[in-house]
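# Summary of structural features
Chain by chain, the residues:
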Amino acid sequence: MKFMKLGSRPDTFYTTEAVRAVSSEVSSDLIIQVKGSRYLLHKFPLLSKCLRLQRLCSESPESSQHQIIQLPDFPGGIEAFEMCAKFCYGITITLSAYNIVSARCAAEYLQMTEDVEKGNLIYKIEVFFNSCILHGWRDSIVTLQSTKAYALWSEDLGITSRCIEAIASKVLTHPSKVSLSHSYSRRVRDDVSCNGAESQRHKPATKGWWAEDMAELGIDLYWRTMIAIKSGGKIPSNLIGDALKIYASRWLPSIPRNGITNNHGSSDSDSDSASEVSSKHRLLLESIVSLLPAEKGAVSCSFLLKLLKAANILHASSSSKIELARRIGLQLEEATVSDLLIPSVSYKSDTVYDIDIVLTILEQFMLQGQSPPTSPPRSKLGFERRRSRSAENIDFDFQESRRSSSASHSAKLKVAKLVDGYLQEIARESKLSLSKFIALAETIPDFARLDHDDLYRAIDIYLRDVGHQIVVGVIRCSTILFVTKFDLTFYGMDFQAHPELNKSERKRLCRILDCKKLSMEACMHAAQNELLPLRVVVQVLFFEQARAAMAGGKVTELPSNIKALLATHNIDPSKPPPPLSTTTSIQADDQWSVSGLKSPKSRMSTLRMKLAEDDELDENEIHPDGIVRSSKLKAICALPTRPKRMFSKLWSTNRAASEKN
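Residues numbered from 1 in each chain as written. Predicted model: local features only at pLDDT ≥ 70, side-chain atom pairs only at ≥ 80, totals over all residues. Heavy atoms only, no water.

For clarity, the cut-off: UniProt positions are given in the numbering used here, feature names are shortened, and annotations may be inferred rather than shown by experiment.
Going by the annotation in an unreviewed UniProt entry, the name recorded for the protein chain is NPH3 domain-containing protein, with Ziziphus jujuba var. spinosa given as the source organism. UniProt, in its Pathway (unreviewed entry) section for the protein chain, records the words "Protein modification; protein ubiquitination." The annotation that UniProt attaches to the protein chain under Sequence similarities (unreviewed entry) is "Belongs to the NPH3 family."

## Things to note about the overall build of the protein chain
Which entries qualify depends on this criterion: Note on conventions: DSSP H or I runs of at least 4 residues are helices, E runs of at least 2 residues are strands, and numbering of each starts at the N terminus. The rule is simple: take the accessible area with a 1.4 Å probe, protein chains only, and divide by the maximum for that residue type; under 20% is buried, over 50% is exposed, in between is partly exposed. Contacts were defined at the residue level, with two residues in contact if any of their heavy atoms lie within 4.5 Å.
Counting its regular elements, the protein chain contains 31 helices and seven strands. A burial count over the protein chain gives 47% of its 661 residues as buried. Long-range contacts, defined here as pairs at least 24 residues apart, represent 74% of the contacts in the protein chain between residues at least 6 apart.

## Focus: unusual backbone geometry
The phi angle at Glu-17 is positive, at roughly 50 degrees, despite the residue not being glycine. With respect to the element layout, Glu-17 can be found in the loop between strand E2 (13-16) and strand E3 (19-22). Residue class for Glu-17 comes out exposed when judged on its relative accessible area of 76%. The backbone phi angle of His-315 is positive, close to 55 degrees, even though this residue is not glycine. Relative to the helices and strands, His-315 resides in the loop between helix H14 (301-314) and helix H15 (318-330).

## Here we look at the environment of Leu-330
Within the secondary structure, Leu-330 sits in helix H15. Its relative accessible area of 24% is what places Leu-330 among the partly exposed residues. Not counting residues up to four positions away in its chain, the partners in contact with Leu-330 are Lys-296 and Gln-368.

## Points about the environment of Ala-316
Along the chain, the position of Ala-316 falls in the loop between H14 and H15. If we skip the residues at most four places from it in the chain, Ala-316 touches Arg-282, Leu-285, Glu-286, Ala-311 and Lys-321.

## Details of the packing of helix H3 (residues 77-89) against helix H4 (residues 100-110)
Where we set the bar: Axis definition: a line fit to C-alpha positions, over the contact stretch in the case of helices; interaxial angles, taken between N-to-C directions, run 0 to 180 degrees. Should an angle fall under 35 degrees it is taken as roughly parallel, and over 145 as roughly antiparallel, whereas 65 to 115 is taken as roughly perpendicular and any remaining angle as oblique. By convention, the crossing between two helices is left-handed when the near helix turns anticlockwise from the far helix through less than a right angle, and right-handed when the turn is clockwise. Note on residue categories: nonpolar means Ala, Val, Leu, Ile, Met, Phe, Trp, Tyr, Cys or Pro, charged means Asp, Glu, Lys or Arg, and polar means any other residue, Gly included.
Two elements in contact, H3 and H4, have axes separated by 9 Å at closest approach and are oriented at 70 degrees. Put simply, H3 runs roughly perpendicular to H4. As H3 packs across H4, the resulting crossing turns out to be right-handed. Each of Ala-80, Met-83 and Cys-84 in H3 lies in contact with H4, whose residues at this interface are Ser-102, Ala-103, Ala-106, Ala-107 and Leu-110. Classifying every residue of the contact of H3 with H4 gives seven nonpolar, one polar and no charged.

## Notes on the packing of aromatic side chains
Here is the rule: Side-chain rings of Phe, Tyr and Trp (the six-membered ring for Trp) are treated as a pair once their centres are within 6.5 Å; stacked means planes under 30 degrees apart, edge-to-face means over 60, and tilted covers the remaining angles. Whether a charge sits over a ring depends on NZ of Lys or CZ of Arg being within 6 Å of the ring centre and within 35 degrees of the ring normal.
Applying the stated rule across the entire model yields ten aromatic pairs. Between Tyr-222 and Tyr-247 the ring centres are 3.9 Å apart and the planes differ by 15 degrees, which places this aromatic pair in the stacked class. Linking Tyr-222 in helix H11 (residues 219-232) with Tyr-247 in helix H12 (residues 237-251), this pair joins segments that are 25 residues apart in sequence. Here the two residues Tyr-222 and Tyr-247 agree in accessibility, since each one is buried. An aromatic cluster is built from Tyr-39, Phe-74, Phe-81, Tyr-109 and Trp-153, whose rings are joined through pairwise contacts. For the cation-ring pair, Lys-516 lies above Phe-543, with the distance from its terminal atom to the ring centre recorded as 5.4 Å.

## A word on the confidence of the model for the protein chain
Which entries qualify depends on this criterion: Confidence per residue, as judged by the predictor, is encoded in pLDDT with a range of 0 to 100.
Scored by pLDDT, the protein chain comes out at a mean of 75, with 64% of its residues at no less than 70. Every residue in residues 255-266 is under pLDDT 50, and counting partners more than four places away or in other chains gives 18 contacts. Predicted confidence for residues 465-495 stays below pLDDT 50, and this span has 52 contacts to residues more than four positions away or in other chains.

Following this line, the structure appears as structure tokens:
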């Protein structure tokens, strides 16, 4: 840090009875009051250098002994005034980056210009400021920080703008040509070993070396400096993004976790203080959003989603949230499920997570590349091939024919997996409406889902009794959730997530499911899932049998409830159905629940009931006289007497294949 000494006399100022005076053989004839402090001084040394004091003395009446002058609005306070007074007496003062702003403002206030005396204080401060302070990196940072206390004066004197320009020019210059001083140069010295060789472990990076020092600035000065740096056009967007990330991590950790001030049991002053802090953080966040580089990938998707979570907590402006959602949508394929679990702090929302903002993000994602790329061609064995091949392989196969759209196609494949995983998390919320669940699932085009296993798992969670899963989900996500959203007495209770769903709503939910894209394990589970509409179960069985026949005539094992139904028609199943595998590669938390599966006899009766319910008409609400009810009973009783024609064909294929073997 650079400094400059002015004057040569020793300090003779002293304090007596709360009055500051200077030791001198000449009695004082001037009393100056500065913000409650009184100084006994002499007119000659002060008036010879301060034009303002000359005018004030000429305007005020002279007393018999002392003339009194009031300076109530003196910039810099008593410290700055005393520094100017000592300069007038020739007493040694020291200027540095820490006090040069206050000294310059005080000298301007007292009008210590060259018109009064050559080599006056303003001239010497300006020489030191331009030749030393602005040439040093750390000196410029410290000086710019100190302008905040004298914002209007610093703006009028051009101190703020000159510091910003100096800092921006140094950022645009290689650090080897910059006088870094203090923080950065000290780090460099610390990294030099005793033999003079630089330590490779702690070798400072030449790129982005300025970000940490600039993070010490307040948001208003930081914003202006970053604008100047960006306007230079020499700094890559990723370095701008890294600097913003450093600044956000420096200032945003003090945000309250829930973002909501609890006024109960607190004083009004505490409430006002919390509101003021929240407003400052909101301004900081919105300023960071406005500084984000326009280029895609300049900042990570994870960082953008963290900003969006903070925006929700701080109740940032809707424009900031929409801008973040737009940027997240451009690189949504980089996100994870936990990134999308954005807490909802709105009193109007019943859900723990903010579903609407995720819908907005998905809409922004789908807006890019409106014309979807051609899906991979389907072969006769397309069911298995679509499940076994990864998104990267598909992208590789079609990069020659659709090179321009392959990246977009790959991104949609990743986002489809992301959305299905997100649906599994939010499906555990009992307040999640069916329309929002379906809207989220339908934002992804059909070709982007190579299989529907994850989507089926989300539907199963949405329908199934998942009381214990909600508790696990809260514990797992406790770092980002507000557990107070849940009634703690509710934990551990066994309940159905969405018991209010009627038959038509279940059908509507399952329309988003493509049974052709279910794996063998998913089909086995769906065939025994009593929460699904029967027509879905029939579709699962049909496509599974068709797929097995196309694969070589070997039909896979049927679920036990279907075997039990076939047994009543003298179709003898070869062996009992195997239980649903619990040793697959799927993690335990993600396995489908198999609780509540009943014996073959009870499943047969359940299937009959579900067939009857599936064919019910709405007239039973109009005619509650029992006539329709009796016809339904006849239909139920007639069900086992004749199997479906579709099943008859499949069973004949199965038996013919087994006879050949």
